[in-house]
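Residue-level structure breakdown
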Amino acid sequence: MKIAIATFADLPNPPSKGGAVESLIDDLCKINEKKNQLSLDVFSVYDSAAVELAKDYRNTEFIYYRRYKNRRISKKNIVHKLFDKSIPDRTMQELIKLINLNCYDYVLVTSINYEMEYIFQKINSRVIWYLHGDPISVLSREAIKRITNHCYAVITVSDFVNSRITSVDSKCKVMTIRNCTDLLPVQPKEEFAVRQEIRGEIGVRDSDKLFVYIGRITPIKGIYELVEAFVIANIKNTKLLIVGAPSDESEKIYLKKIKSIANQNVIYWGYAAHGSLNKLYCAADCIVAPSVCQEAALLIALEAAICHRFLIATKIGGIPEYADDNTILVEYNERFVNNLADAMQYICASAYHIVQKKIESNPVEKYYDDFCNVLLQFTKEDI
């Protein structure tokens, strides 16, 4: 089965610059190196480091394209201004041409934007919209219905996103494949040393309770609300570690806003490479994911589970589907900040300090098998 994957996004594959979707695509490619059930072409924006990483793959072809600089006056901008329609820019147009040089069983596209309606019409092979986010949070319901009319099928990462697609009266097939994590926990014999190492770097005692946020520095992740709650909770011998770095000017302003309300017990780690995240989980007592958006599928929930750490997360979107018995789900309402503070106080004050059971998070090989099985199911239905 010949498959193409294109994100139509700015981050490259293999994921030399990170990215959740890019990492999941890489997981598929890595398992396919062993199982070789798919002929994979991955279309990626050019990046020299990604090109070097791609040399290690034998069963995946990475096809790179360069991003053109958008002009202030362009066909895309004129059409949008005159007719309120979104058409692809030059980079997207060139990518469509590259994809159409081959015939694929399926072309999977992950982006969520208004240009998808035009793009899906122009791709010659059957298109599957592979949704890692909630499209209704980005697009109008009418636009989603029009876009799905040009899809062969839609694959979603949670039943929540699945229901959002079906709610617009989509006529195409819609299937759910749960996300996975390739994160491996620190080995038990190394946990004490790793915990001491990380805590030593940030000046946190072993007896302190450490809450950790890991992710993007952006308002939809609720970091400002988390810091508000942490300050309100005012728990003795407790620290909050924020892991992540702003990627643009607006995120730098947001981080500055966060720091303006924080106290001395809030610590900033900055960017952390994916391969080192297990050490940060090891150092934590509890992970906090205070999203204030309709999160489609919380990868952090899978990572916390496989690293055997408690999680405080917002009861919103697809997050409850990814939560386990060691998760406190916080209601997102007018008391949200207080709800977060209450959850942190509960973690620190109660006997809620031993992980209830060992959770085996959705493994990468199962994710790959589920992915292949869904594509095979589509193929059989066409016979």
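Nothing here was measured: the structure is a model prediction, and the numbers come from that model.

1. Re the pattern of salt bridges
Taken as a whole and assessed by the stated rule, the structure comprises 22 salt bridges. Glu 365 is the partner of Lys 35 in a salt bridge, and the nearest nitrogen-oxygen pair spans 3.5 Å. Taken as a pair, Lys 35 in helix H1 (residues 20-35) and Glu 365 in helix H15 (residues 364-382) lie far apart in primary sequence, 330 residues in all. One salt bridge in this structure joins Glu 197 and Lys 279, with 3.9 Å as the shortest N-O distance. Highlighted residues: Glu 197 in helix H8 (residues 191-202) and Lys 279 in helix H11 (residues 277-283), separated in sequence by 82 residues. A relative accessible area of 36% places Glu 197 in the partly exposed class. When salt bridges with common partners are traced through the structure, they connect Lys 34, Lys 35, Glu 365 and Asp 369 into a single cluster.

2. Observations regarding the sheet that holds strand E7 (residues 173-176)
Spatially, seven strands are ordered E3-E2-E1-E4-E5-E6-E7 in an open sheet, and the strand pairing comes out parallel. The open sheet has two edge strands, strand E3 (60-65) and E7, and neither has a second partner. For this sheet, the mean angle separating the axes of adjacent strands, direction not counted, is 20 degrees. With three bridges connecting them, strand E4 (residues 106-109) and strand E5 (residues 127-131) associate as parallel partners. Its bridge partner being in E5, Leu 108 is matched across the sheet by Ile 128.

3. So, the pairing of strand E6 (residues 153-156)
Regular strands place side chains that alternate from one sheet face to the opposite one. Neither face of E6 is open: one carries Ala 153 and Ile 155, the other Val 154 and Thr 156, and all of them are buried. In terms of strand pairing, E5 meets E6 through four bridges, oriented parallel. When the sheet's bridge partners are listed, Leu 131 is paired in E6 with Thr 156. Running through helix H6 (residues 141-148), the crossover from E5 to the neighbouring parallel element E6 is right-handed. As paired strands, E6 and E7 are joined by four bridges and run parallel to one another.

4. Regarding the environment of Ile 96
Looking at where Ile 96 falls in the secondary structure, it is placed in helix H4 (residues 90-99). Considered as a pair, Ile 96 and Phe 371 are 275 residues apart in the sequence and their alpha carbons are 24 Å apart.

5. Some remarks on the packing of helix H9 (residues 223-233) against helix H14 (residues 336-349)
Viewed as axis vectors pointing N to C, H9 and H14 meet at an angle of 55 degrees, and their least axial separation amounts to 8 Å. Taken together, the axes of H9 and H14 lie oblique to each other. For the pair H9 and H14, the sense of crossing is right-handed. Where H9 approaches H14, its residues Glu 225, Leu 226, Glu 228, Ala 229, Phe 230, Ile 232 and Ala 233 are matched on the opposing element by Phe 336, Val 337, Asn 338, Leu 340, Ala 341, Met 344 and Gln 345. Its residues assigned to classes, the contact of H9 with H14 shows 10 nonpolar, two polar and two charged.

6. Quick word on unusual backbone geometry
The peptide bond linking Asn 13 to Pro 14 adopts the cis configuration, its omega dihedral lying at -10 degrees. As for its placement among the helices and strands, Pro 14 is situated in the loop between strand E1 (2-6) and H1. Its identity is not glycine, yet Asn 237 carries a phi of approximately 55 degrees, on the positive side. Residue placement: Asn 237 occurs in the loop between H9 and strand E9 (238-243).

Scoring rules and cut-offs
Residues numbered from 1 in each chain as written. Predicted model: local features only at pLDDT ≥ 70, side-chain atom pairs only at ≥ 80, totals over all residues. Heavy atoms only, no water. Salt bridge = Lys/Arg side-chain N within 4 Å of Asp/Glu carboxyl O. Helix = DSSP H or I, 4+ residues; strand = E, 2+ residues; numbered from the N terminus. Buried < 20%, exposed > 50% of the residue type's maximum accessible area, 1.4 Å probe, protein only. Pairing = 2+ DSSP bridges. Axes fitted to C-alpha atoms, helices over the stretch in contact; angles between N-to-C directions. Right-handed = clockwise from strand over helix to strand, strands pointing away. Parallel < 35°, antiparallel > 145°, perpendicular 65-115°, else oblique. Left-handed = near helix turned anticlockwise from the far one by under 90°. Contact = heavy atoms within 4.5 Å. Nonpolar A, V, L, I, M, F, W, Y, C, P; charged D, E, K, R; others polar.

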